[in-house]
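Close look at the chain arrangement
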Amino acid sequence: MIRTVESEQVSAPVLAAYSYCEAVTGQQARNFAYGIRLLPTPKRRAMSALYALSRRVDDIGDGELPGEAKVARLEDTRALLARVREGAVEEDDTDPVAVALAHASRAFPIPLGGLDELIDGVQMDVRGEAYETWDDLKVYCRCVAGAIGRLSLGVFGTEPGARGAERASEYADTLGLALQLTNILRDVREDAQGGRTYLPADDLAKFGCSAGFDGPTPPEGSDFAGLVHFEVRRARALFAEGYRLLPMLDRRSGACVAAMAGIYRRLLDRIERDPEAVLRGRVSLPGREKAYVAVRGLSGLDTRHVSRRTVRRRA
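Residues numbered from 1 in each chain as written. Predicted model: local features only at pLDDT ≥ 70, side-chain atom pairs only at ≥ 80, totals over all residues. Heavy atoms only, no water.

Within the protein, the regular secondary structure consists of 15 helices and zero strands. Relative to the 2.2 N^0.38 estimate, which gives 20 Å for 315 residues, the radius of gyration of the protein is 20 Å and therefore close to what a compact globule would have. Seen along its three principal axes, the alpha-carbon backbone of the protein occupies a region of about 65 × 55 × 35 Å. Buried residues in the protein amount to 52% of all 315 residues. Taking the intrachain contacts of the protein between residues at least 6 apart in sequence as the baseline, contacts between residues at least 24 apart amount to 74%. (Helix = DSSP H or I, 4+ residues; strand = E, 2+ residues; numbered from the N terminus. Rg over C-alpha atoms; globule rule 2.2 N^0.38 Å. Buried < 20%, exposed > 50% of the residue type's maximum accessible area, 1.4 Å probe, protein only. Contact = heavy atoms within 4.5 Å.)

In structure tokens, the structure reads:
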């Protein structure tokens with residue numbers, strides 16, 4: 001359950017801070033923005049504040065600063081989160097993201113520790129960590145994506161009396177993992193060019209891909225398609241588990257989640273059909289297809305499908 005904030009009077013400085021966060025979201029969140037547009041205003045604003053802070057953390061990790069400077073900037077952001085938790089951010093603070101996040105955290109039971117987990121995950125990037133197994137990679141994915149799922153659930157809340165709601169946080173986390181694994185597959189060459197490898201070393205070795213992905217073609221003698229299909233199956237299983245969250249949400253929150261997840265599932269479909277496309281460039285969906293997924297989410301089709309499947313399991 002969440003507190004209602006529909007009728008709350010929001011001050012001009014806070015509205016300005018939210019407007020800044022929404023502008024950041026609209027400009028930089030290619031897929032995320034399609035989902036949060038479906039939310040009522042208070043939830044949309046809160047999600048924009050979460051995105052803006054998350055974007056800041058990601059930009060630090062992906063930026064050109066030396067490692068030590070990145071770590072210092074990340075610790076500054078962690079100190080900002082501490083100020084938000086302590087209620088020490090005033091409405092006239094010069095950081096609009098801090099102002100918006102402070103207001104959102106008072107309006108909704110957002111587990112702000114998830115943003116600390118995001119910082120932990122980006123610090124893993126700064127250290128250049130690699131992952132031997134899927135279990136190792138899951139730790140990273142839970143920090144940078146599972147935590148975002150749990151933070152978002154703090155804004156969405158669950159419907160009163162929703163069956164299985166005690167597992168909602170677990171499903172939100174799992175859905176975050178599904179989205180992140182899809183991201184990793186989509187960005188495999190871009191990440192390799194930046195000196196990062198996320199796919200587990202065990203999986204790379206199994207399919208003869210340990211040499212990496214520096215060019216537009218797979219490593220010689222490798223079964224790159226087999227590797228991609230293996231990871232796609234893993235991602236699909238995570239989506240199937242995470243989608244069990246949908247019937248626990250109100251209509252518009254469920255539509256938001258279904259839209260965001262639906263876009264990534266369609267990306268996964270494209271990657272599965274043409275695995276080597278991820279080596280030639282970034283796989284994406286046209287705007288009209290994203291809009292269709294958003295409308296489908298608003299219609300509740302995915303939620304009804306999950307509900308029917310859950311009923312059949314219990315029968």
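As enumerated under the stated definition, the model contains seven aromatic pairs in all. Measuring from centroid to centroid gives 5.3 Å for Phe32 and Tyr51, while their planes differ by 25°, and the two rings are stacked. Of the two residues, Phe32 sits in helix 2 (residues 32–36) while Tyr51 sits in helix 3 (residues 41–62), which places them 19 residues apart along the sequence. Residue Tyr51 is classed as buried on the basis of its relative accessible area, which comes to 12%. Against the face of Tyr34 rests Arg37, its NZ or CZ located 4.9 Å from the ring centre. The ring of Tyr243 carries the charged tip of Arg265 above its face, separated from the ring centre by 4.6 Å. (Phe/Tyr/Trp six-rings, centres within 6.5 Å; stacked < 30°, edge-to-face > 60°. Lys NZ or Arg CZ within 6 Å of the ring centre and 35° of its normal.)

All right, on to the nonpolar core then. Within the largest apolar cluster, 101 residues are counted, with the highest numbers of intra-cluster contacts made by Leu115 and Phe213. The dominant element in this core, judged by the number of residues it contributes, is helix 7 (residues 134–156), at 11 residues. In contact with Phe213, not counting residues within four places along its chain, are Val188, Arg189, Ala192, Leu204, Pro219, Phe224, Leu227 and Leu279. (Core = buried A, V, L, I, M, F, W, Y, C linked by side-chain atoms within 4.5 Å.)

For helix 8 (residues 168–186), with 19 residues, the first-to-last C-alpha span of 27 Å sits near the 27 Å given by 1.5 Å per residue. The element helix 8 is largely enclosed, with a buried count of 16 among its 19 residues. (Expected span 1.5 Å × (residues − 1).)

Here Thr174 is to be found in helix 8. Beyond its immediate chain neighbours, meaning those up to four positions away, Thr174 contacts Leu238, Glu241 and Gly242.

It is the contact of helix 8 with helix 12 (residues 251–273), at a shortest axis distance of 10 Å, that shows an interaxial angle of 35°. When you trace helix 8 past helix 12, the crossing you get is left-handed. Note on element contacts: helix 12 touches helix 8 through Val257, Ala261, Tyr264, Leu267, Leu268 and Ile271, opposite Leu175, Leu179, Thr182, Asn183, Leu185 and Arg186. Each residue belonging to the contact of helix 8 with helix 12 can be placed in one class, and the counts come to nine nonpolar, two polar and one charged. (Axes fitted to C-alpha atoms, helices over the stretch in contact; angles between N-to-C directions. Left-handed = near helix turned anticlockwise from the far one by under 90°. Nonpolar A, V, L, I, M, F, W, Y, C, P; charged D, E, K, R; others polar.)

With that out of the way, let us pick up the environment of Gly242. If you trace the backbone, Gly242 turns up in helix 11 (residues 224–242). In the structure, Gly242 is positioned 229 residues away from Pro13 in sequence and 37 Å away in space, judged by C-alpha atoms. Apart from the residues within four sequence positions on either side, Gly242 is in contact with Tyr171, Thr174 and Leu175.

What follows covers the pattern of salt bridges. It is possible for side chains of opposite charge to pair when their charged atoms get near one another. For the structure shown, the criterion picks out 28 salt bridges. Among the ionic pairs, Glu289 bridges to Arg270, the shortest N-O distance being 3.0 Å. Separated by 19 residues along the polypeptide, Glu289 in helix 14 (residues 287–299) and Arg270 in helix 12 bring together distant segments of the chain. Linked through salt bridges whose partners overlap, the residues forming this network are Glu75, Arg78, Arg85, Asp116 and Asp120. (Salt bridge = Lys/Arg side-chain N within 4 Å of Asp/Glu carboxyl O.)

Let us look at the confidence of the model for the protein. A residue-level look at the protein finds 93% of positions with pLDDT of 70 or above and a mean pLDDT of 92. Predicted confidence for residues 1–7 stays below pLDDT 50, and this span has 19 contacts to residues more than four positions away or in other chains. (pLDDT = per-residue confidence, 0-100.)

Let us now look at the environment of Arg37. The residue Arg37 is located in the loop between helix 2 and helix 3 in this model. With 187 residues separating them in the primary sequence, Arg37 and Phe224 have C-alpha atoms 37 Å apart.

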